[in-house]
Amino acid sequence: MTRLNDILEKVQAYNPGADLNMIRKAYVYSALAHKGQVRLSGEPYLVHPIEVANIIADLKMDVASVTAGILHDTLEDTLTSMEELSTRFGEEVTNLVEGLTKISKISFKTSEERQAENFRKMILAMVKDIRVLIIKLADRLHNMRTLEFQRPEKQQAIARETLDIYAPLANRLGISWIKQELEDLSLRYLKPVIYAELEEKIARKKEESQEYIAKVIKIIERNLHHHKIDGTVTGRLKHLYSIYQKMVHQDITFEQVYDILAFRIIVNSIKDCYAVLGIIHSLWLPVPGRFKDYIAIPKTNLYQSLHTTVIGPDAEHFELQIRTEEMHHIAEMGIAAHWQYKEGYQLDEDERSQLDWLRQVLEWQGDVSNAGEFLESVKIDLFADSVYVFTPQGAVKELPKGATPVDFAYSIHTNIGDHCTGAKVSGKLVPLKYELKTGEIVEIITSNKQHPNKDWLHFVKTSKARNKIRHWIKKEEERRSIELGKELCEREFFRHKQSFNKDFKQGKFNEAAAQFSLNNADNLVAAIGRGKISALQVLYKLYPELRKSGKQDKKNKDDSRQKKKRQNNEGITIKDIDDVMVRFAKCCNPLPGDPVIGFITRGRGVTIHRKDCKHVLKSDPERQIEVDWNLTQQAIHQIKIRILCEDRRGMLAELSTVISSEDANISDVKVSTNIDRNAVCIFEIGVTNLKHLQQVINRLEQVKGVIEVQRLN
Ligand code: MN
């Protein structure tokens, strides 16, 4: 059993200037606060905080940490208040104890690996000072060492939590000895039979290997001496849990695990590390693929060493780790190494930049641009960049600070994100742009009618949500462009007496697409819909002969229009279009004199309906076309207008409809977007006179979302 004096001596040894009175005071206070409490082992409760403080002293932590270790359970398990702690021990110690109390209040229910990761992060988010986590690990280590006194169910739960949450955290902080001990102890309770078996086999193997280990050490030492390199060589068996893991991962028996032995050579310099590596490889054949240079490329927890596995004497495989004394210290102590000897001591620049690696150790850490800032964030708020919220099922989701219910919805499933209409946070309805806070329970409300909205991009914080929203908008825009492109082609082809649908079905658009350096017909039609390519251009590509007659047409347009009375198709005139196949609809059977309208069919010309025909009223307005009973045509003038408008869905279709409804036919349209994200549409339209044009412009200006309409020269 550890006594107070053991701790005081330990601290005094590594930190001669330490304020030991603080630790003594904490001891007296803790003894009083926990008075009468006993542990399940039957010992006085005080034994636990003393042992925890002892582990903290083993890690050579500062006085505040050791003191907090002694007091760590007072806030939670006794009548002690924060104010009292603060008056007696100051802010620093109080904050550490408070941090520990906060962590102990989270309950871990799930053993799912991904969730475990989130719980680990949640702990880190709650920890404002990294020392809290180190003390917590010491606390857990002592609880694991005394787990035998707990009830079996409790043993299972605590061991599981230790293996899933705390051992990985110890690893993340680079404190390898705590990690290994936690792992071994967890396995002892989680798989007692396997553990006992392994323990026995390892003990026997250790016995058998003693001579062998001594022999190898001797060979290495002799060779180091020969090359005038100072070094310490040790040999050992790997720790139980790591052997167990090899057996599970490789599905092999204990006997088949070939590299159970490990040797460690500690030398004075990095140069010596590589020299020793050369010596080892000249002595024994290295196993290919097993050499790792963690000196050149340290692990994220700053672990450094050279690793190699060789085929040693008697064809036995073993691993060698070669490192300097300093590397060894960090390998054992990890992040704790950087909190040692810090009493009243200012870090100089070099040491500050050394702390840069801490950023890598804690790879979840967000944006910190320099070591000084990082040090600050370690002290103040380590993981303030994240919020942790719960699903209604109790799973934890990590999101960046400022994340909204939309981010949360997408983090669950794309489908939920795409259809989320609202959210309830801890039972109350909140807007989609609400900022989530750690600890909130979030429930997403979805509707099949809901779709992602461009506005969402203004408030989402996760790249996942952003990408999915953009993806949806892009896909939607693509779909819309294809739809529009098809309409524009249909009209243009129709005007030139070609069937777009037939050509499209026959794959002609695929061929044409290649000529515009596009992948396929859909891409081409979409490009037309966006106004990047005109339907006329495509038509001319497919029917080069039309280009000539097209020019001819234009030249002769006026006279030909005047000369040629459009007296075709059983007395029906269709604006600006000649020789069109016309049929009269059977549903409404229009008679001369009835107001009529044409409906552009796919490949079967125009069907003439009465304007009040219910079929027409229900039909796609984009495919309706003005027809009239054989009127004398006036000359048509082609003119270009530029429309600046909002870039919204259906805008182009609406503008087209307005222009058509004003008896002005569209012969070309180009659409682009300007810097302000507005759409710029250039229409080429046919009008009879200025008054007609003015009328068209007036109407267009009334369309919702139109900013400006201009006549172009
Ligand atoms: Mn405790």
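For the structure, check the block above.
Residues numbered from 1 in each chain as written. Predicted model: local features only at pLDDT ≥ 70, side-chain atom pairs only at ≥ 80, totals over all residues. Heavy atoms only, no water.

A. Expanded view of the pairing of strand β2 (residues 261–267). Counting buried positions over the 7 residues of β2 gives 7, a clear majority of the element. Here β2 shows no split at all, with L261, F263, I265 and V267 on one side and A262, R264 and I266 on the other all buried. Direction of pairing for strand β1 (residues 231–237) relative to β2: antiparallel, over a ladder of 7 bridges. Each bridged residue has a counterpart across the sheet, and for L237 the counterpart in β2 is L261. Here 7 bridges tie β2 to strand β6 (residues 317–324), and the two strands are oriented parallel to one another. The partner of I266 across the bridge, within β6, is R323. (Buried < 20%, exposed > 50% of the residue type's maximum accessible area, 1.4 Å probe, protein only. Helix = DSSP H or I, 4+ residues; strand = E, 2+ residues; numbered from the N terminus. Pairing = 2+ DSSP bridges.)

B. Focus on the packing of aromatic side chains. Inspection of the entire model under this criterion finds 11 aromatic pairs. An aromatic cluster is built from Y212, F263, W284 and F318, whose rings are joined through pairwise contacts. The side chain of K541 reaches across the aromatic face of F516, ending 4.8 Å from its centre. (Phe/Tyr/Trp six-rings, centres within 6.5 Å; stacked < 30°, edge-to-face > 60°. Lys NZ or Arg CZ within 6 Å of the ring centre and 35° of its normal.)

C. Local environment of the pairing of strand β18 (residues 665–673). Of the strand pairs in this sheet, β18 and strand β19 (residues 678–687) are connected by 8 bridges, and their pairing is antiparallel. Bridged to N665 within β19 is G686. The antiparallel pairing of β18 with β19 creates a hairpin that spans 4 residues between the two strands, and R677 there sits at a positive phi of about 70°.

D. The arrangement of the coordination of the manganese ion in detail. Every protein donor of the manganese ion is listed here as H48 (NE2), H72 (NE2), D73 (OD) and D139 (OD), and their distances to the metal cover 2.2 to 2.5 Å. The sequence pattern formed by the donor residues of the manganese ion is H-x23-H-D-x65-D. With a gap of 67 residues between them, H72 in the loop between α4 (63–71) and α5 (74–77) and D139 in helix α8 (residues 130–145) connect regions that are remote in the sequence. Per residue, the accessibility class of H72 equals that of D139, and both read buried. (Donors = N, O, S within 2.8 Å, 3.2 Å for Na, K, Ca; no water.)

E. The arrangement of the pattern of salt bridges in detail. Per the counting criterion, the structure on display carries 29 salt bridges. One salt bridge in this structure joins R131 and D62, with 2.8 Å as the shortest N-O distance. Taken together, the residues span a long stretch of sequence, with R131 in helix α8 and D62 in the loop between α3 (47–58) and α4 at a distance of 69 residues. Taken as a pair, R131 and D62 share a single burial class, namely buried. Where K246 meets D259, a salt bridge forms, and the shortest distance between an N and an O atom there is 3.7 Å. In this pair, K246 sits in helix α12 (residues 240–249) while D259 sits in the loop between α12 and β2, placing the two residues 13 residues apart along the sequence. (Salt bridge = Lys/Arg side-chain N within 4 Å of Asp/Glu carboxyl O.)

F. Structural view of the sheet that holds strand β11 (residues 442–446). As summarised here, the arrangement of the 3 strands in space is β10-β9-β11, forming an open sheet in which the pairing is antiparallel. Taken across any chain shown, the strands that pair with only one partner, and hence form the sheet edges, are β10 (428–430) and β11. Each adjacent strand pair in this sheet contributes to an overall mean axis angle of 35°, direction not counted. Strand direction decides the pairing type here: strand β9 (residues 420–425) and β10, joined by 3 bridges, are antiparallel. In the strand pairing of β10, K424 is matched with L429. (Axes fitted to C-alpha atoms, helices over the stretch in contact; angles between N-to-C directions.)

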